[in-house]
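Chain and residue survey
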Amino acid sequence: MRKIAFVLLGTVLMTACVSKKKYLALEHENGEVKSALAKTQFEKEELETKFAKIEARVEAYNSKINALTEENNVKMEAVGDVAVISNETKKHMRNTLTKVDQNKLRQATTLKDSMNLAVSYNLQKSLDNSTLNEDDDIAIDIDETVVMISISDKMLFNTASYRISSKANNILQKLANVINSEPSIEVMVEGHTDARSINTEKIADNWDLSVLRATSVVRALQNKYNVAPEKLIASGRSSYLPVASNDTKEDRSKNRRTRIVILPNINKFFALMASNE
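Residues numbered from 1 in each chain as written. Predicted model: local features only at pLDDT ≥ 70, side-chain atom pairs only at ≥ 80, totals over all residues. Heavy atoms only, no water.

Focus: the overall build of the protein
Helix and strand counts for the protein stand at eight helices and seven strands. In the protein, which comprises 277 residues, the proportion classed as buried is 35%. A fraction of 63% describes how many contacts in the protein between residues 6 or more apart in sequence connect residues 24 or more apart. Total accessible area on the protein stands at roughly 17,500 Å², and carbon and sulfur atoms take up 55% of it. (Helix = DSSP H or I, 4+ residues; strand = E, 2+ residues; numbered from the N terminus. Buried < 20%, exposed > 50% of the residue type's maximum accessible area, 1.4 Å probe, protein only. Contact = heavy atoms within 4.5 Å. Areas by Shrake-Rupley, 256 points an atom, 1.4 Å probe, with all protein chains shown as cover.)

Structure (C-alpha cells):
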C-alpha cells in the first residue's frame with residue numbers, strides 16, 4: 001500500500017512539473033506575440049504618419065500647380081498694336097476659330113489676324129440677320145484696340161434723312177444687346193456722308209447731317225433700347241473719311257454709313273462671348 005502511495009505521489013508531481021513548463025512556454029509565447037503586435041502597431045502608426053506627410057506634400061504640389069496654371073491662364077500677351085490678351089482668352093479665341101470660314105482662317109498669318117477673325121465672327125453672330133449682306137450692309141473689324149461696325153445708311157435711314165427708319169429696329173436691338181451685356185463696353189457712334197453737298201431747311205451741310213444721324217442713333221439706343229447714356233458718344237465725320245471714291249453711285253453708297261466704334265476689354269469680350277455659346 002505504501003508503495004502504491006509513493007507511485008501516485010510521483011505521478012502527481014511529474015504532472016505538475018509538465019503543466020508548469022507548458023504554462024511558462026505559453027506565457028513566453030504570449031509575450032512574444034504581444035511584443036510583435038506592439039511593434040506592428042508602432043510601424044502602422046509610423047506609416048500612417050509618413051502617408052499623411054506625403055498626402056500633405058501632394059496637396060501642396062497640386063495647389064502650386066493649380067496656382068501656376070491660373071497664373072499662366074491670366075498671363076497677358078501683346079497682340080501687335082491691337083490689344084493685350086490672356087492665355088484664357090486665346091483658348092476661347094481658338095475655340096471660336098474652329099467655326100469661322102476656313103478659307104479666311106488660312107489667310108490669318110498672325111495672332112492679330114486671328115483675333116480680328118474671332119471678334120468679327122462673334123459680333124457677326126450676335127448681330128446676325130438674314131436680311132443683312134455682310135459685304136454691303138454691315139462690316140465688322142478691329143483696329144487699334146477697338147471693334148468697329150460699319151452699317152450702311154440704307155439699313156438705318158431714309159435717303160438724305162437723319163430719322164431712324166423702321167428697318168433699323170432689328171439691328172439696333174441686337175447692337176444694344178451686345179452693349180448692355182458688358183458694363184466695360186463704351187460706344188462711339190460716327191456719322192459719315194458721301195461728298196455730295198446738302199443744304200435744306202433742317203440740314204445745313206454734310207457736317208450737320210453726319211452729326212444728326214449719329215445723335216439719332218444714340219437717342220434710339222438710349223430711349224428705345226435702354227443703353228446707358230454715359231456709355232455713348234455721338235460724333236460726325238461729314239464726308240472727310242471716305243472708304244471709297246465718290247465717283248460712282250456704288251462708291252458713294254459705301255461712304256454713306258454709320259460706324260459703331262465699340263471700346264471693349266478684349267479679355268472680357270471673349271469671356272462674354274464664350275458664356276453666351
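Okay, back to it.
Let's talk about the packing of helix α5 (residues 169-180) against helix α6 (residues 206-223)
The relative placement of two packed helices is expressed as an angle between their axes plus a distance between the axes. For the pair α5 and α6, the least separation of the axes is 10 Å and the interaxial angle reads 65°. The pairing of α5 with α6 is recorded here as roughly perpendicular in orientation. Crossing handedness for the pair α5 and α6: right-handed. Contacts from Leu172, Leu175, Ala176 and Ile179 of α5 reach α6 at Val217, Ala220 and Leu221. Split into classes, the residues belonging to the contact of α5 with α6 amount to seven nonpolar, no polar and no charged. (Axes fitted to C-alpha atoms, helices over the stretch in contact; angles between N-to-C directions. Parallel < 35°, antiparallel > 145°, perpendicular 65-115°, else oblique. Left-handed = near helix turned anticlockwise from the far one by under 90°. Nonpolar A, V, L, I, M, F, W, Y, C, P; charged D, E, K, R; others polar.)

Topic: the nonpolar core
Counting residues in hydrophobic clusters, the biggest one holds 37 residues, and the most contacted among them are Ile149, Leu172, Leu221 and Ile260. When contributions to this core are tallied by element, the ones reaching two or more residues are α2 (87-97), α4 (111-126), β3 (138-143), β4 (146-152), α5, β5 (186-192), α6 and β7 (257-263). Among the elements that line this core, the one with the most residues is α5, at six residues. In contact with Ile260, not counting residues within four places along its chain, are Val147, Met148, Ile149, Ile151, Leu175, Val187, Met188, Val189 and Val217. (Core = buried A, V, L, I, M, F, W, Y, C linked by side-chain atoms within 4.5 Å.)

Things to note about the pairing of β7
Of all seven residues that make up β7, six are buried, and the element is covered over most of its length. Direction of pairing for β5 relative to β7: antiparallel, over a ladder of seven bridges. Among the inter-strand pairings, Glu186 is bridged to a residue of β7, identified as Leu263. (Pairing = 2+ DSSP bridges.)

Quick look at the pattern of salt bridges
Taken as a whole and judged by the stated rule, the model has six salt bridges. A salt bridge links Arg237 to Glu190; the shortest N-O distance between them is 3.4 Å. With Arg237 in the loop between β6 (232-236) and α7 (249-255) and Glu190 in strand β5, this pair connects stretches of sequence that are 47 residues apart. Under the relative-accessibility criterion, Glu190 is labelled buried at 3%. The closest approach of N and O atoms between Asp194 and Arg196, which form a salt bridge, is 3.1 Å. Residue Arg196 is classed as partly exposed on the basis of its relative accessible area of 48%. Linked through salt bridges whose partners overlap, the residues forming this network are Asp153, Asp194, Arg196, Arg213 and Arg256. (Salt bridge = Lys/Arg side-chain N within 4 Å of Asp/Glu carboxyl O.)

Details of the side chain of Ser238
Looking at where Ser238 falls in the secondary structure, it is placed in the loop between β6 and α7. Ser238 gets classed as buried once you look at its relative accessible area, which sits at 2%. Those residues in contact with Ser238 that sit more than four places away from it in its chain are Gly191, His192, Thr193, Asn206, Trp207 and Ser210.

Brief notes about the confidence of the model for the protein
This prediction gives the protein a mean pLDDT of 76; 71% of its residues lie at or above 70. Here residues 73-82 is a poorly scored stretch, pLDDT under 50, and it has 31 contacts once near neighbours within four places are set aside; other chains count. Taken as a whole, residues 129-135 scores under 50 in pLDDT and shows eleven contacts with residues more than four places along the chain or in a different chain. (pLDDT = per-residue confidence, 0-100.)

A short note on the environment of Lys249
Along the chain, Lys249 falls in helix α7. Residue Lys249 is classed as exposed on the basis of its relative accessible area of 65%. Each C-alpha atom, one on Lys249 and one on Asp194, is 9.9 Å from the other, the two residues being 55 residues apart in sequence.

What to know about α5
The end-to-end C-alpha distance of α5 is 16 Å, a good match for the 16 Å that twelve residues give at a rise of 1.5 Å each. Those residues of α5 that sit buried are Ile171, Leu172, Leu175, Ala176, Val178 and Ile179. Axial view of α5: buried residues confined to an arc of 160°, hence all on one face. (Expected span 1.5 Å × (residues − 1). Arc of directions from axis to C-beta.)

Here's the deal with the pairing of β5
Taken across its seven residues, β5 has five buried, putting it largely inside the fold. Across five bridges, the pairing between β5 and β6 is parallel. When the bridges of β6 are listed, Gly191 appears paired with Gly236. Following the chain from β5 across α6 to the adjacent parallel β6, one finds a crossover that is right-handed. (Right-handed = clockwise from strand over helix to strand, strands pointing away.)

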